[in-house]
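# Summary of the model geometry
One letter stands for each residue in the lines below.
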Amino acid sequence: MLSDNHGRVINYLRLAVTDRCNLRCFYCMPEEGIDWLSRTELMTFEELMRICSLVVKMGIEKIRITGGEPFVRKDIMPFLADLSKLNGLKQITITTNGVLTAPLVPDLKKLGIHSINLSLDTLDRNRFFAITHRDELPAVMDTMEQLLQHGMDVKLNAVVMEGKNIADIIPLVSLTKDLPVSVRFIEEMPFNGGDKHYTALYWDHVKILETIKNHFPAIEKIPDPAYSTSYNYHIPGHKGSVGIIAAYTRSFCGTCNRIRITPLGMLKTCLYDDGVLNIKDLARKGMSDAELEKALVNAMNHRAKDGWEAEHNRAAKNGAHESMAAIGG
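Residues numbered from 1 in each chain as written. Predicted model: local features only at pLDDT ≥ 70, side-chain atom pairs only at ≥ 80, totals over all residues. Heavy atoms only, no water.

### Re helix α2 (residues 76-84)
Let me state the cut-off plainly: Three exposure classes are used, based on accessible area relative to the maximum for each residue type with a 1.4 Å probe and protein chains only: buried under 20%, partly exposed in between, and exposed over 50%. Each helix is a run of DSSP H or I of at least 4 residues and each strand a run of E of at least 2, with the numbering of both proceeding from the N terminus. Contacts are assigned to residue pairs with any non-hydrogen atoms lying within 4.5 Å of each other.
Of the positions making up α2, those classed as buried are Ile-76, Met-77, Phe-79, Leu-80, Ala-81 and Leu-83. Tucked into the core, α2 has its buried residues touching β1 (12-16), α1 (45-58), β2 (62-66), β3 (91-96) and α3 (105-110).

### Some words on the state of the cysteines
To be explicit about the condition: Cysteine sulfur atoms are paired as a disulfide whenever they fall within 2.5 Å.
Counted by the stated rule, this structure contains zero disulfides. Among the cysteines around Cys-25, which has no disulfide bond, Cys-21 carries the closest sulfur, lying 6.3 Å off. You can see Cys-270 has no disulfide; the closest cysteine sulfur is in Cys-253, sitting 6.0 Å from it.

### Digging into the packing of aromatic side chains
Where we set the bar: Note on aromatic pairs: the rings of Phe, Tyr and Trp (six-membered ring only in Trp) are paired at centre separations within 6.5 Å, and the planes decide the class, stacked below 30 degrees, edge-to-face beyond 60, tilted for the rest. A positively charged side chain is recorded as over a ring if its NZ (Lys) or CZ (Arg) lies within 6 Å of the ring centre. The angle to the ring normal must also be within 35 degrees.
Inspection of every chain in the model, using the stated rule, returns two aromatic pairs. For the pair Phe-45 and Phe-79, a centre-to-centre distance of 5.1 Å together with 25 degrees between the ring planes defines the contact as stacked. Residue Phe-45 is found in helix α1, and its partner Phe-79 is found in helix α2; the two are separated by 34 residues along the sequence. Summarising the burial analysis for this pair, Phe-45 and Phe-79 share the class buried. When the ring of Tyr-202 is compared with that of Trp-203, the centres are 5.8 Å apart and the planes differ by 85 degrees; the resulting orientation is edge-to-face. Overall, Trp-203 belongs to the buried group, its relative accessible area being 7%. Across from the ring centre of Phe-45, 4.2 Å away, lies the NZ or CZ of Arg-73, which sits over that ring.

Okay, here's the thing in structure tokens:
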């Protein structure tokens with residue numbers, strides 16, 4: 001079993017397989033875009049499998065594949081097939097924007113992947129284009145339909161942004177009436193590659209819930225699963241549920257069971273740190289599995305208590321924020 005210096009069990013890895021994406025959401029990257037990593041800097045699928053095999057032996061039970069957008073990476077499906085055969089790995093999940101995903105749903109189901117997080121900030125085509133700079137809402141909705149038709153567990157993730165998609169909060173909640181989906185609203189975070197639009201957080205988890213309650217006064221709190229990052233709710237008579245993720249407020253740090261590995265191979269023990277160890281570089285220098293395991297354990301033994309401490313330590317060093325696309329958002 002893998003644990004940190006605060007006694008928290010670590011059994012969940014978010015693995016970013018690429019920094020590239022086919023959308024250009026303003027909150028994920030700066031307007032001018034980002035400098036894409038060269039393909040030689042990205043971990044190869046062989047390197048990814050080696051790392052996954054190692055951390056599963058150390059106690060990781062769940063791996064979430066992220067990006068960028070994971071399905072823009074060539075040969076991602078054979079990699080997922082190999083990953084699904086990894087002894088000891090209990091669950092593979094994927095976060096996707098849904099643009100390319102619909103045709104792949106049957107194959108994902110065959111691999112035993114039953115849970116997909118689908119990024120969906122708005123149900124309005126014009127607002128979707130304004131946020132993502134791409135006219136791809138029909139493709140995303142097709143993916144949602146395919147996922148539901150194949151009996152997949154679907155979570156819809158919406159970042160709540162003042163002046164961008166506030167009008168979508170209630171329509172998104174309304175989806176849960178007839179669809180067995182979990183609609184999850186996420187506090188906006190300062191990871192757009194700069195601070196141009198980021199000031200104080202206005203739409204925190206309290207205000208989001210108040211807005212929903214004004215339209216659905218019968219909404220009720222339901223138990224949160226172990227290690228949940230969301231406060232979860234249900235509206236009587238609805239098939240689905242609602243979650244609110246306090247990503248900026250960071251009220252779930254005390255039970256955080258996850259680590260991240262970026263497309264560069266950088267281990268992040270907290271979303272808000274600037275990376276504590278480059279596993280890819282160590283592996284390419286010839287480190288054995290035993291040496292890599294020792295390095296990982298050492299990193300866990302120096303983990304920040306929470307996101308505020310991690311951000312403070314980061315600011316003390318360089319003060320910079322990254323693009324979410326580059327850190328597995």
